[in-house]
Amino acid sequence: MSRYTLKVYPAGQGRTTYRTMEISGKDTLDRLCEFILESYDFIHEHLYEFCMDNRMYSEYSYQYDPEDGSPSTDIAIDEIKLVKGQNFSLHYDYGDDWMFTIHVQKIEEESRKKPPTLLKAVGSVEQYPDWDEWDDEEDEDE
C-alpha cells in the first residue's frame, strides 16, 4: 500500500494558499475530500467530484453521487493509479464551484495504514465570504 504526499490549493492560489498533506492509499477519495475540507475549515455539505483532467463535469471524474454507473468517489486512492507529478482537481459545491488543485508530490510505500496528516498550512480562504455582509445588512434592518 502507498502513502501519498499532496499539495492542495484553491485553483490559481498555489503560491499563497495551500495545504501539504499525507494520506494512505487505503483511504478513499471521499476521505480525501473530507480531509481537504477540514484543512480549509469548510463545512462539508455539498456534492463534489474529483476531475482527473482538471475540468469541471468531465467524463474523466469520480463523483460523490454517480449516475449511470459512473465512477464513484468511494474508491481507494491506490486504485486510481496516481503518479508522482500528476495534478487533478476536487470540484466542490456545484453552486460556488470551488476548484482545488491536487498535486502529487511524493508516493512512498506504507507498511500499515496511518491517518491523514496535515504537514503544512499556508494562507486561508473563506467558504462563504459574503455571509458577513448579509449578517450586517440584517442587523441594520432590525
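Above this text you will find the structure in question.
Residues numbered from 1 in each chain as written. Predicted model: local features only at pLDDT ≥ 70, side-chain atom pairs only at ≥ 80, totals over all residues. Heavy atoms only, no water.

**Quick notes on the sheet that holds strand S4 (residues 61–63)**
We apply this condition: Strands pair, by our definition, only if DSSP identifies at least two bridges between them. Numbered from the N terminus, helices here are DSSP runs of H or I no shorter than four residues, and strands are runs of E no shorter than two. Note on definitions: angles span 0 to 180 degrees between N-to-C directions of axes, and those axes are lines fitted to C-alpha atoms, for helices only across the stretch in contact. Throughout, a residue-residue contact means that at least one pair of heavy atoms, one from each residue, lies within 4.5 Å.
Strands sit in the order S4-S3-S5-S6-S1-S2-S7 across an open sheet of seven strands; the sheet is antiparallel. Edge strands, defined here as strands with exactly one partner in the open sheet, are S4 and strand S7 (117–122). Across the sheet, the mean angle from the axis of one strand to that of its neighbour is 20°, orientation sign disregarded. Here strand S3 (residues 48–51) pairs with strand S5 (residues 87–92) via four bridges, running antiparallel. If you follow phenylalanine 50 over to S5, its bridge partner there is leucine 90. Packing of helix H1 (residues 29–39) onto the sheet brings it into contact with strand S1 (2–10), strand S2 (18–24), S3, S4, S5, strand S6 (98–109) and S7, and relative to S2 it is tilted by some 150°.

**Focus on the pattern of salt bridges**
Defined as follows: Should a side-chain nitrogen of Lys or Arg be within 4 Å of a carboxyl oxygen of Asp or Glu, the pair is scored as a salt bridge. The buried label goes to any residue with under 20% of its type's maximum accessible area, the exposed label to any with over 50%, and the partly exposed label to all in between, with areas taken from a 1.4 Å probe on protein chains only.
Overall, the coordinates contain six salt bridges when judged by the stated rule. A salt bridge links arginine 3 to glutamate 22, with the shortest nitrogen-to-oxygen separation between them at 3.2 Å. Residue arginine 3 is located in strand S1, and its partner glutamate 22 is located in strand S2; the two are separated by 19 residues in the primary sequence. According to the relative accessible area criterion, arginine 3 is buried, its value standing at 5%. Take glutamate 22: its relative accessible area is 18%, and that puts it in the buried class. Residues participating in the shared-partner salt-bridge network are Arg3, Glu22 and Glu110.

**Comments concerning the pairing of S2**
Within S2, seven of the seven residues are buried, which leaves the element mostly enclosed by the surrounding structure. Burial of the side chains of S2 extends over both faces: Tyr18, Thr20, Glu22 and Ser24 are buried on one face and Arg19, Met21 and Ile23 on the other. Taken together, the five bridges between S2 and S7 define a ladder with antiparallel strand orientation. Pairing of glutamate 22 across the sheet is with threonine 117, part of S7.

**Concerning unusual backbone geometry**
Excluding glycine, residues mostly have negative phi values, and the peptide bonds linking residues are mostly trans. The phi dihedral of asparagine 54 falls on the positive side, at around 65°, and the residue is not glycine. Within the fold, asparagine 54 resides in the loop between S3 and S4. In this model, aspartate 93 sits at a positive phi of 70°, which is unusual for a non-glycine residue. Residue placement: aspartate 93 occurs in the loop between S5 and S6. Accessibility expressed as a relative area gives 4% for aspartate 93, which makes it buried.

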